[in-house]
Amino acid sequence: MTDDRGPIQRGQPLREAVYRRVIALVSSGDYSPGTALTEAAISRSLEVSRTPVREALIRLEAEGVLQSSLARGFVVRPLTRSEAEEIYPILGALESLALTTSGATTESSLGDLRAVASELSECDDPVRRWQLDSHWHDLLTATSGNAKLVEMAQSLRTSISRYELTYMRLVRSRAEADAQHRAILDALADGDRERAADIVRRHWRDGLEQVLRWLMRDDRPA
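Quick caveat: nothing in here was measured; it's all calculated off a predicted structure. (Residues numbered from 1 in each chain as written. Predicted model: local features only at pLDDT ≥ 70, side-chain atom pairs only at ≥ 80, totals over all residues. Heavy atoms only, no water.)

Participant: Whenever I open this one, the pairing of strand β3 (residues 73-76) confuses me. Can you help?
Facilitator: Within a regular strand, side chains alternate between the sheet's two faces. With two bridges joining them, strand β1 (residues 36-37) and β3 adopt antiparallel strand pairing. If you follow Ala-36 over to β3, its bridge partner there is Val-75. In this sheet, β3 lies alongside strand β2 (residues 66-69) in antiparallel orientation, the contact comprising four bridges. Of the residues in β3, the one forming a bridge with Gln-67 is Val-75. Between the end of β2 and the start of β3, which pair antiparallel, lie three residues. (Pairing = 2+ DSSP bridges. Helix = DSSP H or I, 4+ residues; strand = E, 2+ residues; numbered from the N terminus.)

Participant: I tried to follow helix α2 (residues 39-46) on my own but got confused; where do I start?
Facilitator: One full turn of an α-helix is made of 3.6 residues, so residues set three or four places apart face in the same direction. For α2, the full list of buried residues reads Glu-39, Ala-40, Ile-42, Ser-43 and Leu-46. For α2, the elements touching its buried residues are α1 (14-28), β1 and α3 (50-62). Note on α2: the residue one or two positions beyond its end, Glu-47, has a positive phi of about 60°. (Buried < 20%, exposed > 50% of the residue type's maximum accessible area, 1.4 Å probe, protein only. Contact = heavy atoms within 4.5 Å.)

Participant: Can you help me understand the packing of helix α6 (residues 126-142) against helix α8 (residues 175-189) in this one?
Facilitator: Two quantities define a packed helix pair, namely the angle between the helix axes and the distance between the axes. Relative orientation of the contacting elements α6 and α8 amounts to 20°, with a least axis distance of 13 Å. Regarding the angle of α6 to α8, the classification is roughly parallel. You can see that α6 and α8 cross each other, and the crossing is left-handed. Where α6 abuts α8, its residues Arg-129, Asp-133, Trp-136, His-137 and Leu-140 lie against Asp-178, His-181, Ile-184, Leu-185 and Leu-188. Considered class by class, the residues forming the contact of α6 with α8 number five nonpolar, two polar and three charged. (Axes fitted to C-alpha atoms, helices over the stretch in contact; angles between N-to-C directions. Parallel < 35°, antiparallel > 145°, perpendicular 65-115°, else oblique. Left-handed = near helix turned anticlockwise from the far one by under 90°. Nonpolar A, V, L, I, M, F, W, Y, C, P; charged D, E, K, R; others polar.)

Participant: Any chance you could explain empty space enclosed by the protein here in plain terms?
Facilitator: Where empty space is left can be seen by rolling a probe of water-molecule size over the atoms. For the coordinates displayed, the defined rule picks out three cavities of 30 Å³ or more. Considered as a void within the structure, the largest cavity measures approximately 130 Å³ in volume. Counting residues per element, the lining of the largest cavity draws most heavily on helix α9 (residues 193-215), which supplies six residues. Its residues assigned to classes, the lining of the largest cavity comprises five nonpolar, five polar and five charged. Its boundaries defined by the atoms lining it, the second largest cavity holds a volume of some 50 Å³. (1 Å grid on protein atoms, 1.4 Å probe; cavity = no way out; pocket = protein on both sides within 12 Å on 5 of 7 lines; lining within 4 Å. Points joined across faces, edges and corners; volume = space filled by probe spheres on them.)

Participant: Where do I start with the side chain of His-181 in this structure?
Facilitator: In this fold, His-181 is placed in helix α8. Take His-181: its relative accessible area is 1%, and that puts it in the buried class. One polar contact links His-181 to His-203, side chain to side chain, over a distance of 3.4 Å. Not counting chain neighbours up to four residues away, the residues in contact with His-181 comprise Leu-120, Asp-133, Trp-136, His-137 and His-203. (Polar contact = N/O pair within 3.5 Å; in protein donor to acceptor, adjacent residues only side chain to side chain.)

Participant: Explain the pattern of salt bridges to me, please; I cannot follow it from the model alone.
Facilitator: If charged atoms from side chains of opposite charge come close, those side chains can pair. Counting across every chain of the model gives 17 salt bridges. Notably, a salt bridge pairs Arg-54 with Glu-39, separated by 3.2 Å at the nearest N-O pair. Separated by 15 residues along the polypeptide, Arg-54 in helix α3 and Glu-39 in helix α2 bring together distant segments of the chain. On the basis of relative accessibility, which here comes to 34%, the residue Arg-54 falls in the partly exposed class. (Salt bridge = Lys/Arg side-chain N within 4 Å of Asp/Glu carboxyl O.)

Encoded structure:
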């Protein structure tokens, strides 16, 4: 397992490595909503120059993960109802499109999806659950064979990582979501991609409703 807090190892494309490291730190909760990020601090901790750090921060701002602040550099965007209401339905639409526009799901793909879903249903660690859930949805959209669709979905899931991880840290019961994963796979195994797409849309709609209820709680993190 890689150390998200240590320096970047040489021998890998630096720009992409720095970008992925900052995403990992946001997703793991090390950089929580409202945290200020500066080029200088990140470049010191990762032992890289400021240029790839600046490029990574600008890219994450464009993807909606960060927002720029004149006084503080960049800040991890806070959690808002309006943003969640915009992104969750788009993800539901993209994933359902992935299922309805592709051919039959191969046995190999179904096996990979079932293996991740099984591990996910038995996992109690919120960070690991988020990682497995994201991987499961990556595998699902990849069945489309549409590289642009996969890229768009991954970018949006990066944006909502702030919601998903913070929510999973506080609300541990995910039995309904796990059951929906299994129902999606059963539909795909039956060759019923329309039914699978309907469950996917409901999955994201239900997820949005749960996050919105949580955002309205007085005891959630600011």
